[in-house]
Every structure is written in C-alpha cells, then in structure tokens.
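A structural walkthrough
One-letter residues, chain by chain:
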Amino acid sequence: MAEKGYVEITIDGQTVQAQEGEKILWAALDAGIEIPHLCAIREAHPPLGTCRLCFVEVEGEGVVASCVEPVREGMVVHTDGERAKTLRRRAMELLLADHDLECKTCVKEGNCEFLQMAISMKVKKPKNLHPFPREELPVDDSHPLIIFDPNKCIRCGKCVWVCREKAELVPFDFVYKGYDMRLTTFLSRPLGETNCTGCGECVEVCPVAALYFRKA
Ligand code: FES
C-alpha cells in the first residue's frame, strides 16, 4: 500500500512507489531503472518531449513517452518491450542520421551526452537513411563567454527552457516547423547582442556541442 500522496506501480517486475503526478521516467530513474532520454528536465511542466527516446510500454495503454506520461496506481510498465525498443532505436537513428559525427574535431569529444546515449542504446548512424541536406549555418562566436554552433543542435529545447525558466532570459528560440525547425537567437541577432548574461545554464544542459564555453 502506497503512502498518502504516492502511488504504487510496477516497472519491469519491480514494485515502485512514486509521487502522484510524477512522470514514469523519473519514477523509473529514482528506482535505478534506466530509460534512454535526452530532452527531459524534471522541473519542466509541461515536459519538452522532443527527443522521443524514452518510449516504454504500459499494459492496457500501449507505447507512451515516459517523460510525458504520469504514473497511475497499479500501472504496469515494461521498458524492454519490442515495440518501445524499436521506436526508441528509430528515434535515435533519425537523430544520428541528421547529425554531423565529426567527433574527433568536436569540442565535446569524450564528453558528449548524445553520443554516449547512442552507444548505450547500441545504435549506430544508419547508412541507408539520408535526410535532406541542411544549409551549413555560421558558428556564432560573438559572445564573450559562449559559442553557439547551430549546426550541432539536435533541437531538444533544453537551452530554451533553462534560459526562460531559470535565467528568465530569452536569447534562444525555435523558428520554422517540422524538418526545417532550428534553434536561433532572439531576432536572429548575434548571441553577443542578445540579453544573454553568460550564466552557462544552457551550456550545462546542452547534450551536444551546440553551446559551449569559449576557451580561456
Ligand atoms: S526524454 Fe522523453 S521525449 Fe525526450
């Protein structure tokens, strides 16, 4: 029986107590059960839900994004169901297909959350998936502390969220929709001409090298 304000659910056969309203992803991670994720921020309401790496199967409901779906009393969750695993793999393949994997020359070499996630999921860049070529955009090094490389962005949205919610600034946002969607600076101004204070919250959450600190 769960304590007041908590519910009891089962994840991969393990009984887990989670706070009412908590998302499956965080209930699982708190219990030591891994689910791939790149865009999730616990305090984000609503969740960003952009990477689609966190699919799980819920008995009686089917496949859900675990960072979006709240826990409910008696819920039975499987992280290793074939449908969820296939969708997670496909989501990672799409991200990899669209990402320049010149890791040897990347500032995040050896420290890239995105690459580490792909390796842990055992997913490689697919050879038969060729997205439309993207226009190479200039690297923005106008800010005294932070460099913005829009070409590396995987559109997770974490930087947009932390700038707004934690730093209460709006230096970044997305423009366009669908495949053309991309991260840009406020009014497409150079980052150094926005109200970015260089607090570094965006660099901390960026899972790739789209935002990084200038070397001293
Ligand atoms: S972690 Fe759930 S969609 Fe990204």
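This is a predicted model, so every value here is computed, not measured.

**Here we look at the overall build of the chain**
- Counting its regular elements, the chain contains five helices and nine strands.
- In sequence order, the secondary structure elements of the chain are arranged as β-β-α-β-β-β-α-α-β-α-β-β-α-β.
- Taken over the C-alpha atoms alone, the chain extends approximately 55 × 40 × 30 Å along its principal axes.
- Here the contacts in the chain between residues at least 6 apart in sequence split such that 59% fall between residues at least 24 apart.
- Carbon and sulfur atoms make up 52% of the accessible area of the chain, which amounts to about 12200 Å² in all.
- Each charge class in the chain was averaged separately, 27 positive and 33 negative side chains, and the resulting centres sit 5 Å apart.

**Describing the nonpolar core**
- Residues Leu53, Met92, Phe114, Phe172, Cys202 and Leu211 are the most contacted members of the largest nonpolar core, which totals 37 residues.
- Within the residue set of this core, elements represented by two or more residues are α2 (82–97), α3 (113–120), β6 (146–148), α4 (158–165) and α5 (201–205).
- Ranked by residue count, the leading element in this core is α4, at five residues.
- Counting contributing residues per domain, this core is built from domain 1 (6–88) and domain 2 (135–216), each supplying no fewer than three.

**Quick look at the environment of threonine 10**
- Examined against the element boundaries, threonine 10 turns out to sit in strand β1 (residues 6–11).
- Not counting the four nearest positions on each side in its chain, threonine 10 is found in contact with Met75, Val76 and Val77.

**Quick look at the domain arrangement of the chain**
- Considered domain by domain, the chain is made up of domain 1 (6–88) and domain 2 (135–216).
- Computed over C-alpha atoms, the centres of domain 1 and domain 2 are 29 Å apart.
- Listed as interface residues are eight residues of domain 1 and, on the opposing side, nine residues of domain 2.
- Between domain 1 and domain 2, the buried area comes to about 670 Å², and carbon and sulfur atoms account for 70% of it.
- By the criterion of area lost to domain 2, the three top residues of domain 1 are Leu38, Ile41 and Leu48, representing 59% of everything that side buries.

**A closer look at the state of the cysteines**
- One pass over the full model with this rule turns up zero disulfides.
- For the unlinked cysteine cysteine 196, the closest cysteine sulfur is that of cysteine 202, found at 5.8 Å.

**Digging into unusual backbone geometry**
- Here histidine 45 and proline 46 are connected by a cis peptide whose omega angle stands at 0°.
- Within the secondary structure, proline 46 sits in the loop between α1 (24–30) and β3 (55–58).
- A positive phi angle is found at arginine 52, which is not glycine, with a value near 60°.
- Of note, arginine 52 is situated in the loop between α1 and β3.
- Positive phi values are uncommon outside glycine, yet leucine 187 reaches one of about 55°.
- We classify leucine 187 as exposed; its relative accessible area is 60%.

**Overview of the pattern of salt bridges**
- Applying the stated criterion to the full structure yields 10 salt bridges.
- With a closest N to O distance of 2.9 Å, glutamate 93 and arginine 90 form a salt bridge. Note that glutamate 93 and arginine 90 are positioned in helix α2 at a spacing of three residues, about one turn of the helix.
- As a salt-bridge pair, aspartate 98 and arginine 155 come within 2.8 Å of each other at their nearest N and O atoms. Of the two residues, aspartate 98 is situated in the loop between α2 and α3 and arginine 155 in the loop between β6 and α4; the sequence distance between them amounts to 57 residues.
- Through salt bridges with shared partners, one network takes in Glu22, Asp30 and Arg42.

What counts and how
- Counting from 1, residues in each chain are numbered in the order their sequence is written.
- Where totals are concerned, whole chains, interfaces and linings use all residues; where local detail is concerned, this predicted model gives features only for residues with pLDDT of at least 70, and gives and counts side-chain atom pairs only at 80 or more.
- Based on all heavy atoms of the structure, the side-chain values leave hydrogens and waters out of the count.
- Strands are runs of DSSP state E lasting at least two residues, helices are runs of H or I lasting at least four, and both sets are numbered from the N terminus onward.
- Here, two residues are considered to be in contact whenever any of their heavy atoms come within 4.5 Å of each other.
- To measure how exposed things are, a 1.4 Å probe is used in the Shrake-Rupley method; for residues, cover is taken only from the protein chains shown.
- A positive count includes Lys and Arg, and a negative count includes Asp and Glu. His and the chain ends are not counted in either.
- In this description, the location of a charge corresponds to atom NZ of lysine, CZ of arginine, CG of aspartate or CD of glutamate.
- Note on terminology: a nonpolar core comprises buried Ala, Val, Leu, Ile, Met, Phe, Trp, Tyr and Cys residues joined through side-chain atoms within 4.5 Å.
- Burial classification: accessible surface area is computed with a 1.4 Å probe over protein chains only, and a residue below 20% of its type maximum counts as buried, one above 50% as exposed, and the rest as partly exposed.
- As used throughout, domain bounds are those supplied by an automatic or database domain assignment.
- Accessible surface is computed with a 1.4 Å probe, and the buried area is the amount of it that two parts give up when combined, taken over both parts together.
- We call a pair of cysteine sulfur atoms a disulfide when they lie within 2.5 Å.
- Within this document, salt bridges are pairs made up of a side-chain nitrogen of Lys or Arg and a carboxyl oxygen of Asp or Glu, the two lying within 4 Å of each other.

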